[in-house]
Amino acid sequence: MRRLAATLAAVLAGALLAMPHAVLAKSPAASYTPPPGPIATSLPDGITLNAPSVIKAGREIDVDATLAGGGFLRPDAGIHFIIDNVERRMVRTDASGVAHFRLRGVLAAGVHHLVVSYAGTRQYSYSEPARATATFEVAPLIITIQTVPQVPGVTLTFDGAKGYVTDAAGQTLIGVTRAGLHSLAVTVPAPDATSRITFVRWSDDSWSPSRVIRVVKDVAIEVGLRGAYLTRIEVV
């Protein structure tokens, strides 16, 4: 009886010792992933830019800068983005050597100069400084104003400054350099001996000749007018 008990205990101990070895032998091999190595590229050494040439005022600026050196893409490198001599942001390159730069639409309409620079490093392996430039244009937003009925000589004053006068078709265009809230006012021609023009309302249900308009894209708006004309009546 004692010999049988000793034999069972030895078998159980051997089974318990064997179980962890089986689990440990399978787990590391299944979960191990080798670290990614450097990515080779045919790009020239330095910074390659992908930037728009024209964007609308108020739109986000989207620029990608790829850093290469010695035939390989350079990850985790600090890239500086400078617009019109003002540094906007420092972005680090991802595993593919690309720094993704995004800037909301705060720039005024006009031509702007972009400089992208990398200071270089001696950490791990030497990498020379790099620099790239680009020029892009921010195009103004357009407000198209149409009088109804078509009345020439109506003045639209934008932001209390410049006045725009409707043409023979009762239309005028206003260029907006920055997206946002702006003031807009309508002035009708002075009455004369035969006619009188009065303001009625805007097509977006604004009832005051002076109002605030929100411009974040191109806008078309109508101005409702009422015309009274002296008419000669003859009784026959």
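In this report, we go over the structure that sits alongside the text.

Conventions we followed
- Residues numbered from 1 in each chain as written.
- Predicted model: local features only at pLDDT ≥ 70, side-chain atom pairs only at ≥ 80, totals over all residues.
- Heavy atoms only, no water.
- Helix = DSSP H or I, 4+ residues; strand = E, 2+ residues; numbered from the N terminus.
- Buried < 20%, exposed > 50% of the residue type's maximum accessible area, 1.4 Å probe, protein only.
- Contact = heavy atoms within 4.5 Å.
- Areas by Shrake-Rupley, 256 points an atom, 1.4 Å probe, with all protein chains shown as cover.
- Pairing = 2+ DSSP bridges.

To continue, consider the overall build of the protein. When its secondary structure is counted, the protein shows 1 helix and 17 strands. A burial count over the protein gives 29% of its 236 residues as buried. Partitioning the contacts of the protein with sequence separation of at least 6, the portion at a separation of at least 24 is 59%. When the accessible area of the protein is evaluated, it comes to approximately 15200 Å², of which 58% is carbon and sulfur surface.

So, on to the pairing of strand E11 (residues 155–158). On E11, burial follows the alternation: Leu156 and Phe158 on one face are buried, whereas Thr155 and Thr157 on the facing-out side are not. Pairing geometry for E11 and strand E12 (residues 163–165), over 3 bridges, is antiparallel. By the bridge assignment, Thr155 is partnered in E12 with Val165. The loop that links E11 with its antiparallel partner E12 comprises 4 residues; one of these, Asp159, has a positive phi angle of about 55°. Examined bridge by bridge, E11 and strand E14 (residues 180–187) share 4 bridges and lie antiparallel to one another. If you follow Thr157 over to E14, its bridge partner there is Ala185.

Now for the pairing of strand E10 (residues 141–148). As defined by bridge partners, E10 adjoins strand E13 (residues 171–176) across 6 bridges and the pair is classed as antiparallel. Across the sheet, residue Leu141 finds its bridge partner in E13, namely Val176. Pairing between E10 and strand E17 (residues 219–229): 6 bridges, direction parallel. Paired with Val148 across the strands is Gly224, a residue of E17.

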